[in-house]
Amino acid sequence: MARGYDFKAIEAKWQRAWEESGAFAATEEPERRKFYLLEMYPYPSGRIHMGHVRNYAIGDVLARFLRMRGYNVLHPMGWDSFGLPAENAAIEHRTHPAKWTNDNIAYMRIQLKRMGFSYDWRREITCSDPSYYRWGQWLFLKLYEKGLVYKKSTAVNWCEMCRTVLANEQVEGGLCWRDGTPVVQKELPGWFFRITAYAEELLSGLDNLAGWPEPVKVMQRNWIGKSVGAEVRFPLVDRQEALTIFTTRQDTLFGATFMVLAPEHPHALALAQGTAQEQQVRGFIARMKLEDRIKRVAADTAKEGVFTGAYAINPLTRRRIPVWISNFVLPEYGTGAIMAVPSNDQRDFEFAKKYGLPIRLAVKPVGTDLDERDLQQAYEGEGVLVNSSLFTGMDSQQAREAIVDFLEREGIGKRTVHYRLRDWGISRQRYWGNPIPMIYCEGCGTVPVPYQDLPVILPHDVQITMKGGSPLQKVPGYVDVPCPRCGGPARRETDTMDTFVDSSWYFLRFTSPGAEDGPVAPARVNYWMPVDQYIGGIEHAVLHLLYARFFTKAVRDLSLIAVDEPFSRLLTQGMVCKETYRCAEHGFRLPEEVDAERCCRACGRSVQVGRIEKMSKSKKNVVDPEDLLSQYGADTARLFCLFAAPPERDLEWSDQGVEGSFRFLCRIVRIIEDQEALFKEPISSVPFQRLIVGRALYRRAQQTIKRVTEDIEDEFHFNTAISALMELTNEIGRFELKGAEDEVDERRFAYSYAVETLLLLLSPFAPHLCEELWERLGRSGSIFQAPWPGYDPAVVAAEEIVVVIQIDGKVRSRLVMAADADETAMREAALADERVRGWLQERSIRKVVVIPKKLVNIVTGGI
RNA sequence: GCGAGAGUGGCGGAAUGGCAGACGCGCUGGACUUAGGAUCCAGUCCGCCUUUGGCGGAUGGGGGUUCAAGUCCCCCCUCUCGCACCA
């Protein structure tokens, strides 16, 4: 038998029982309160890690708790099983991505089951399975019909090592997150989702997401990056065209003394043509094209530029202003051109100083006599307009409105809103993803695959080399197809979809996983959606969570679902961290490579005990859940993850802490085993009013019900819920079962009630053990079919309480009083107290503050 | 630079404006033991006083509000995360 208690046998026994009884299968029952609880599904990398264990343990407590509370709970699990690692692994292990993926899923499914998570496995989804991805293709085509999918050629992040485009979040400091290869910009055709069509709704919708953590909402707001301003036309001197700029500070228009274009701006070279500047401009543009984009965009990159030789007219001052080109203007934001107001914009100021361009003050701080000749830096704040014709003297905020009105009246410009959010490029030049269902015909152009031909099956026989383009290009039977429209020879699209597409709607599919007529079955999806509680890592704050919101709105507009937002409440759990050991010679070391004196076993040098960092293989500070399972079992692993820190905070791993959680469970086993005979006999209940010796224990049990219920329900404070359970356990352990003859019934009743309550309250945290002990207590049926215990507020409230007596805010005495003692009684008792009287000699009482049920504070006038 | 969050014993962490340090880990002592790395019991913020006991100090630093501040307000410091030439 395993140390402490036989968790291996117990856990296997109950996992089998739950599976056989279908305990966690969820069906739509319209008359019941539903609760859709979801944790972010994993990428099947091979084995689960502690981050998964923590994420899913948090979810499972809620799932089990809510079921006991009477909710109809949907708690599904699936696999984010498309993606590049499968192709890398295929090369490394000489296997097929499908086999590697499916083997991983099979293994990880077993691991999750061994953790005892209460999923409805009948609803399992595998992204890489045609039964799932066919509906991804279907949705792609529907969105295409709606104009929400389009193809364009543009500059994208390209990783030479991965041989594919990377999403923005996969670029960290200009390097590929996976292999550290510098990411390059590459002009490439690809498919895009028009997420920008929903920019405003994605932004405003955040205001209604009361159940989302503020940081996540802030990050999404920043990402969407809404700017309200105006587009203004600046006519070019001696030409027909004009340059259009975007600004949020039209109040500073009178201070615009030059213009700046991005090197990529379509007019950039044209303006210089035939001028003395042409060669210089040509050279500058060529150089900028070569320059690394990430570096160019970095804030600390020096501003540099060239004069185009051309002039424009400031439409308000009517003055000629030179047009420049510079690296600090970005082609993709606004119109790729700006008006430069050096007096009121720091970037423009620096540029003007560097190249000796004129500065003209447009807005000055209220009540100052700022002069542009004295400017040491731009004044970017609000203030009063100067040098601004009829707007001079106006408040800058009002002037923004007045000037944009004027621009619109005069036909010079118009109100405009710009977003930083860009359309979502979903083309991946890789094999292991969902095929984009498009066909190119020379005669008919781009033709969608007809719905009846879905799914486009990912061919099995491919050569994955990580060289050249997509492996799919070299699969003849795949690429060459007849055009669905004219029947002539045509070519299939060989890009596959970003895996974030799969995860953008998997939560919908869970509601109706077998649906054959569409991605979802309407009645079922509408019963379950939205997800009431979503749980996952904060690293998805912007991408997955933004994409999923976008998809939900787009699918809603296809009339397939009725909700606006996919996730009502969101919990972002912290990372699982552990200290690192680093040897000067051997780098990061495993704990077993370090001896008791903290020296490297390889070279004997003392290792540096590093910071507490997120568990990662490269830092050699990971703990494998598998080891935990074999040493302590699933209940201990879960319990520790929940006890060591509140869910949203980082969790610091501690082997001794795990040991402590295990000890706690062992203690409960001992308590019950020691009294096994007691529970075998019938126990008659005693009303609370008649409880004397058992009163305190009974009350403590009731108080624990209240605390645990509130801790789980309100704030997911599982750590404090567990500590309350430990206190109850301590109390039970101290309780004396033996006593006078006439007390025996009462003692046995209070004791068994407390033990039973303990098991019920602990069951969501340590389900296997509680199920087992519940059975040993002789209770029939699964503990998870028992209702969550309730409490009587009158019992919870003690009839006597300790009142703190303070003198001038310092505790000087404590008195036991009736809980319902009124202010007068409390004041008198406090003033009559001997210790208090000792302190009060020589002092005059200025005031007595009485807080019922809490304290009395006597404020004196000093000695 | 901007934004968000955090700073409490040796450690993880508790505290509707009302006894700071619950609970756990670790540590100390004791009991039971052939043994203890099992279990049980007691102790464990710091300083001071002669004890039972008591006094003083203590939640990054400094001010303030209040009868009362870890908690509210202002200033500063440190750390973590996110964004960062976004016009």
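Residues numbered from 1 in each chain as written. Chains lettered and ligands numbered in written order. Predicted model: local features only at pLDDT ≥ 70, side-chain atom pairs only at ≥ 80, totals over all residues. Heavy atoms only, no water.

K.L.:
Help me out: how do you make sense of the overall build of chain A in this one?
P.N.:
The helix and strand inventory of chain A stands at 28 helices and 36 strands. Seen through its C-alpha atoms, chain A measures out along the principal axes to roughly 115 × 85 × 70 Å. For chain A, with 863 residues in total, the buried portion stands at 54%. A sequence separation of at least 24 residues applies to 70% of the contacts in chain A between residues at least 6 apart. Carbon and sulfur atoms make up 50% of the accessible area of chain A, which totals about 38,500 Å². Averaging the locations of the 109 positively and 115 negatively charged side chains of chain A gives two centres separated by 3 Å. (Helix = DSSP H or I, 4+ residues; strand = E, 2+ residues; numbered from the N terminus. Buried < 20%, exposed > 50% of the residue type's maximum accessible area, 1.4 Å probe, protein only. Contact = heavy atoms within 4.5 Å. Areas by Shrake-Rupley, 256 points an atom, 1.4 Å probe, with all protein chains shown as cover. Lys, Arg positive; Asp, Glu negative; His and termini not counted. Charge placed at Lys NZ, Arg CZ, Asp CG, Glu CD.)

K.L.:
Please clarify how the packing of aromatic side chains should be interpreted in this entry.
P.N.:
Think of a pair of aromatic rings as described by two things: how far the centres are apart, and how the planes are tilted against each other in angle. Within the structure shown, the criterion is met by 56 aromatic pairs. Residues Trp-424 and Tyr-547 carry aromatic rings whose centres are separated by 3.6 Å and whose planes lie at 5° to one another, so their mutual orientation is stacked. Note that Trp-424 is positioned in strand S19 (residues 424-425) and Tyr-547 in helix H17 (residues 543-556), a separation of 123 residues in sequence. A relative accessible area of 3% means that Trp-424 is categorised as buried. (Phe/Tyr/Trp six-rings, centres within 6.5 Å; stacked < 30°, edge-to-face > 60°.)

K.L.:
Which parts of the structure should I look at to understand the pattern of salt bridges?
P.N.:
Between side chains of opposite charge, pairing is possible as soon as their charged atoms come close. Throughout the structure, instances matching the rule amount to 52 salt bridges. In this structure, the salt-bridge partner of Arg-700 is Glu-731, at a minimum N-O distance of 3.9 Å. A residue pair is termed long-range when its members are at least 10 positions apart, and Arg-700 in helix H22 (residues 695-715) and Glu-731 in helix H23 (residues 718-734) qualify at 31 residues. A salt bridge links Glu-772 to Arg-776; its shortest N-O distance comes to 3.2 Å. Taken together, the positions of Glu-772 and Arg-776, both in helix H25 (residues 767-776) and four residues apart, correspond to about one turn of that helix. If you follow the salt bridges from partner to partner, you end up with Glu-201, Arg-549, Lys-553, Arg-556, Asp-557, Asp-564 and Glu-565 in one network. (Salt bridge = Lys/Arg side-chain N within 4 Å of Asp/Glu carboxyl O.)

K.L.:
Can you help me understand the state of the cysteines in this one?
P.N.:
A complete count under the given rule lists zero disulfides for this structure. Cysteine Cys-441 remains unbridged, with the sulfur of Cys-486 as its closest cysteine sulfur at 3.6 Å. You can see Cys-641 has no disulfide; the closest cysteine sulfur is in Cys-577, sitting 12 Å from it. (Disulfide = S-S within 2.5 Å.)

K.L.:
Any chance you could explain the packing of helix H7 (residues 214-224) against H17 here in plain terms?
P.N.:
The description of two packed helices rests on the angle between their axes and on the distance between the axes. The interhelical angle for the contact between H7 and H17, taken along N-to-C directions, is 75°, at an axis separation of 10 Å. By the angle class used here, H7 and H17 are roughly perpendicular. On the side of H7, the interface is formed by Val-216, Gln-220, Trp-223 and Ile-224, while H17 contributes Leu-545, Leu-546 and Arg-549. When the residues that make up the contact of H7 with H17 are grouped by side-chain class, the tally is five nonpolar, one polar and one charged. (Axes fitted to C-alpha atoms, helices over the stretch in contact; angles between N-to-C directions. Parallel < 35°, antiparallel > 145°, perpendicular 65-115°, else oblique. Nonpolar A, V, L, I, M, F, W, Y, C, P; charged D, E, K, R; others polar.)

K.L.:
How do you make sense of the domain arrangement of chain A when you look at a structure like this?
P.N.:
Bring the parts together and some accessible area is lost; that lost area is often taken as the interface size. Domain assignment breaks chain A into domain 1 (140-194 + 423-499), domain 2 (226-419), domain 3 (578-635), domain 4 (675-796) and domain 5 (800-860). Here the C-alpha centroids of domain 2 and domain 3 sit 55 Å apart. (Domains from an automatic or database assignment.)

K.L.:
How should I be thinking about the protein's contact with RNA strand B in this particular structure?
P.N.:
Surrounding RNA strand B, one finds 54 residues, the nearest of these being Thr-247, Thr-248, Lys-303, Arg-347 and Arg-814. The sugar-phosphate share of atoms of RNA strand B within 4 Å of the protein amounts to 64%. Residue Glu-727 places a side-chain N or O atom 3.3 Å away from a sugar or linking oxygen belonging to RNA strand B. Of the residues forming the surface near RNA strand B, the biggest block, six residues, is contributed by H23. (Near = heavy atom within 4 Å. Polar contact = N/O pair within 3.5 Å; in protein donor to acceptor, adjacent residues only side chain to side chain.)

K.L.:
Help me understand the nonpolar core, please; the structure alone is not making it clear to me.
P.N.:
One recurring pattern in soluble globular proteins: nonpolar side chains tend to sit buried together. Within the largest apolar cluster, 201 residues are counted, with the highest numbers of intra-cluster contacts made by Trp-653 and Phe-765. Counting residues in hydrophobic clusters, the runner-up holds 38 residues, among them Leu-243, Leu-253, Ala-272 and Ala-337. (Core = buried A, V, L, I, M, F, W, Y, C linked by side-chain atoms within 4.5 Å.)

K.L.:
Whenever I open this one, the sheet that holds strand S13 (residues 305-313) confuses me. Can you help?
P.N.:
One open sheet accounts for four strands, arranged S13-S14-S12-S15; its pairing is mixed. The sheet terminates laterally at S13 and strand S15 (337-340), the two strands that pair on one side only. Within this sheet the neighbouring strands show an average axis-to-axis angle of 30°, counted without direction. Bridge count between S13 and strand S14 (residues 320-326): six bridges; the pairing is antiparallel. Its bridge partner being in S14, Val-306 is matched across the sheet by Ile-325. The strands touched by helix H9 (residues 278-290) are S13 and S14; relative to S13, the strand with the most contacts, the crossing angle is about 120°. (Pairing = 2+ DSSP bridges.)

K.L.:
How do you make sense of H17 when you look at a structure like this?
P.N.:
Counted at 1.5 Å a residue, the expected span for H17 with its 14 residues is 20 Å, and the 20 Å between its end C-alpha atoms agrees. Where burial is concerned, most of H17 is hidden: 14 out of the 14 residues are buried. (Expected span 1.5 Å × (residues − 1).)

K.L.:
Would you explain the environment of Cys-483 in this entry?
P.N.:
By the element assignment, Cys-483 lies in the loop between strand S24 (480-482) and strand S25 (489-492). Judged by relative accessible area, which is 3%, Cys-483 ranks as buried. When the C-alpha positions of Cys-483 and Thr-465 are compared, they lie 29 Å apart, and in sequence the two are 18 residues distant. Beyond its immediate stretch of four places on either side in the chain, Cys-483 contacts Cys-441, Cys-444, Val-447, Gly-488 and Ala-490.

K.L.:
Honestly, the sheet that holds strand S5 (residues 149-159) in this entry has me stumped. Any pointers?
P.N.:
Spatial strand order, S6-S5-S9-S19: four strands in an open sheet with antiparallel pairing. For this open sheet the edge positions go to strand S6 (164-165) and S19, each flanked by a neighbour on one side alone. The pairing of S5 with S6 spans two bridges and is classified as antiparallel. Directly across from Cys-159, in S6, lies its bridge partner Thr-164.

K.L.:
Would you take a moment to explain the environment of Glu-652 for this structure?
P.N.:
Take Glu-652: it is sitting in strand S32 (residues 651-652). Residues Glu-652 and Val-576 lie 76 residues apart in sequence; the distance between their C-alpha atoms is 6.2 Å. Among residues more than four places away in sequence, those in contact with Glu-652 are Cys-577, Ile-612 and Phe-640.

K.L.:
What is the right way to look at the side chain of Lys-217 in this model?
P.N.:
Along the polypeptide, Lys-217 turns up in helix H7. In this view, Lys-217 contacts Leu-206, Leu-209, Ala-210 and Trp-212; residues no more than four positions away in its chain are not counted.

K.L.:
How do you make sense of the packing of helix H2 (residues 50-68) against helix H19 (residues 634-643) when you look at a structure like this?
P.N.:
Taken N-terminus to C-terminus, the directions of H2 and H19 make an angle of 90°; their axes are 9 Å apart at the nearest point. With respect to H19, the axis of H2 lies roughly perpendicular. Only Arg-638, Cys-641 and Leu-642 of H19 make contact with H2, whose side of the interface consists of Met-50, Val-53, Arg-54, Ala-57, Ile-58, Asp-60, Val-61 and Arg-64. Looking at side-chain class alone, the contact of H2 with H19 contains seven nonpolar, no polar and four charged residues.

K.L.:
Sorry if this is basic, but what is going on with a negative patch on the surface here?
P.N.:
Residues Asp-820, Asp-822, Glu-823 and Glu-828 make up a contiguous surface patch of negative charge. By the secondary structure assignment, Glu-828 is in helix H27 (residues 823-832). (Patch = residues over 30% accessible without salt bridge, like charges linked within 9 Å, V, L, I, M, F, W, Y side chains within 5 Å.)

K.L.:
Any chance you could explain the environment of Leu-697 here in plain terms?
P.N.:
Here Leu-697 shows up in helix H22. For the pair Leu-697 and Ile-439, spaced 258 residues apart in sequence, the C-alpha to C-alpha distance is 73 Å. When sequence neighbours within four positions are dropped, the list of residues in contact with Leu-697 reads Glu-731, Ile-732, Phe-735, Ala-750, Tyr-751 and Ala-754.

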